[in-house]
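Each chain, written out:
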Amino acid sequence: MRIVVALGGNALLRRGEPMNMENQRRNARQAATVIAELVSAGHCPIVTHGNGPQVGLLALQSAKQVGAEFPLDVLDAESAGMIGYLLQQELRNALPGRLVATVLTQVRVDAADPAFLHPTKPIGPLYEEGEAHRISRARNWQMAQDNDKWRRVVPSPRPLEILEHEVISLLVDQQVIVICVGGGGIPVTQTKSGALAGIEAVVDKDLASSLLARQLNADLLLMLTDVDAVYLDYGTARARRLRAVAADDIRQEDFAPGSMGPKVAAAAEFARFSRKTAIIGCLEAAVDLVEGKAGTRIHATASSPALDMQG
């Protein structure tokens, strides 16, 4: 099967881990091992990934150069190159003889998207409340609460088109394992004349992966994260694991906006428009997810019952 494999933030940096190269290299190696298992099972993966911690760190470094800061679209490209390099190298090590390529991917967005007025995408490190307010005043950054900590938030406009999807498709047809749409892709706007220009934002990786999967006519959207499935009332005594659910029977609003919410929305969107299946589950169980032995399957039409839950 042609599978778009969307790696969550845990692919390169687990929550609470120091943001150093050793940790990112180790986690990239683990992700490559899992992707290699999918290849060995006969599947054709197209790999996407997030960049929240990395692009936030680059923005912090850039902010120290007063008057010479780099815009977010350039930092998106820089982080996609860095992460793509790590994954590409580890995939070549895990799959000797296979061709692997990283494609810096531009994603068209609308400059008038309401997201530019209401930043919601968390990037960078976690802060205590006092430090977050101090940085916000000093750098004119918007901060928002993230569980018991605070993080910078930036605009996250809806992706409208993966501009390099034809290039990606050509590579996939030649049996190349492609790493693309890094960090949700590089956000650009397009004039009536067709000219492109970057814009200050970070596109949601899950929505961009869902769009890519539809543009490539993928058989499956596989969203790998650090939890084994989608849960209702997650973290409470009433938590129930969803095994299978129709796209129209699950709502983004029922889940945390900074974690499972975007994944649920992207998975449901893929299932609804492609009439195919999206699966959400943990990185280590990728082959079991594809084989229907684990995770949460989100499909286009209702089953009986519509919500297949496990207490």
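Nothing here was measured: the structure is a model prediction, and the numbers come from that model. (Residues numbered from 1 in each chain as written. Predicted model: local features only at pLDDT ≥ 70, side-chain atom pairs only at ≥ 80, totals over all residues. Heavy atoms only, no water.)

Under the 1.5 Å per step criterion, the end-to-end length of helix α1 (residues 21-40) is 28 Å for 20 residues, consistent within 8% with the ideal 28 Å. At the N-terminal boundary of α1, the capping side chain belongs to asparagine 20, with an oxygen 3.3 Å from the backbone nitrogen of glutamate 22. Two residues or fewer past α1, glycine 42 is found with a positive phi of approximately 95°. (Helix = DSSP H or I, 4+ residues; strand = E, 2+ residues; numbered from the N terminus. Expected span 1.5 Å × (residues − 1). Polar contact = N/O pair within 3.5 Å; in protein donor to acceptor, adjacent residues only side chain to side chain.)

So, about the sheet that holds strand β5 (residues 121-127). The strand order across the open sheet formed by three strands is β5-β7-β6, and the pairing between neighbours is antiparallel. With one partner strand each, in any of the chains shown, β5 and β6 (142-146) form the two edges of the open sheet. The sheet shows a mean angle of 40° between the axes of neighbouring strands, direction not considered. Pairing of β6 with strand β7 (residues 149-154) involves five bridges; the strand directions are antiparallel. Among the inter-strand pairings, glutamine 145 is bridged to a residue of β7, identified as tryptophan 150. Packing of helix α4 (residues 129-139) onto the sheet brings it into contact with β5, β6 and β7, and relative to β5 it is tilted by some 120°. (Pairing = 2+ DSSP bridges. Axes fitted to C-alpha atoms, helices over the stretch in contact; angles between N-to-C directions. Contact = heavy atoms within 4.5 Å.)

For the coordinates displayed, the defined rule picks out 16 salt bridges. One salt bridge in this structure joins arginine 108 and glutamate 161, with 3.0 Å as the shortest N-O distance. Linking arginine 108 in strand β4 (residues 106-108) with glutamate 161 in strand β8 (residues 161-162), this pair joins segments that are 53 residues apart in sequence. Salt bridges here are not isolated pairs; linked through shared partners, they connect Arg25, Arg29 and Glu90. (Salt bridge = Lys/Arg side-chain N within 4 Å of Asp/Glu carboxyl O.)

This next bit is on empty space enclosed by the protein. Under the counting rule described, the total for this entry stands at one cavity of 30 Å³ or more. Put simply, the largest cavity is a space of about 60 Å³. When residues in the lining of the largest cavity are grouped by element, the largest group, four residues, is from strand β9 (residues 177-182). Residues belonging to the lining of the largest cavity are distributed by class as follows: seven nonpolar, five polar and no charged. (1 Å grid on protein atoms, 1.4 Å probe; cavity = no way out; pocket = protein on both sides within 12 Å on 5 of 7 lines; lining within 4 Å. Points joined across faces, edges and corners; volume = space filled by probe spheres on them. Nonpolar A, V, L, I, M, F, W, Y, C, P; charged D, E, K, R; others polar.)

Next up on the list: the side chain of aspartate 204. Mapping aspartate 204 onto the fold places it in the loop between β11 (196-198) and α6 (205-215). Setting aside residues up to four positions removed in sequence, aspartate 204 forms contacts with Lys121, Ser156, Gly184 and Pro262.

So, about the nonpolar core. In this structure, Ile46, Ile168, Leu212 and Ile298 are the most contacted members of the largest nonpolar core, which totals 42 residues. Every element with two or more residues in this core is listed here: α5 (165-173), β9, α6, β12 (220-225), β13 (230-232), β14 (240-246), α7 (260-274) and β15 (277-282). Among the elements that take part in this core, α7 stands out by supplying seven residues, more than any other. Among all residues touching leucine 212, those that are not within four sequence positions of it are Val4, Ile46, Thr48, Ile162, Ile168, Cys180 and Val181. By size, the runner-up hydrophobic cluster in this structure holds 31 residues, among which are Val34, Cys282, Ala285 and Ala286. (Core = buried A, V, L, I, M, F, W, Y, C linked by side-chain atoms within 4.5 Å. Buried < 20%, exposed > 50% of the residue type's maximum accessible area, 1.4 Å probe, protein only.)

A few words now on the environment of tyrosine 85. As for its placement among the helices and strands, tyrosine 85 is situated in helix α3 (residues 72-94). By relative accessible area, tyrosine 85 is classed as partly exposed at 45%. C-alpha of tyrosine 85 to C-alpha of isoleucine 179: the two residues are 94 residues apart in sequence and 9.3 Å apart in space. Not counting residues up to four positions away in its chain, the partners in contact with tyrosine 85 are Arg25 and Thr102.

The volume enclosed by the second largest pocket comes to roughly 200 Å³. Around the second largest pocket, the lining is made up of 13 residues, and of these Ala63, Glu69, Phe70, Trp141 and Arg152 lie nearest the centre. Secondary-structure elements contributing two or more residues to the lining of the second largest pocket are α2 (52-63) and α3. In terms of residue count, the dominant contributor to the lining of the second largest pocket is α2 (three residues). Looking at the lining of the second largest pocket residue by residue, the class counts come to eight nonpolar, one polar and four charged.

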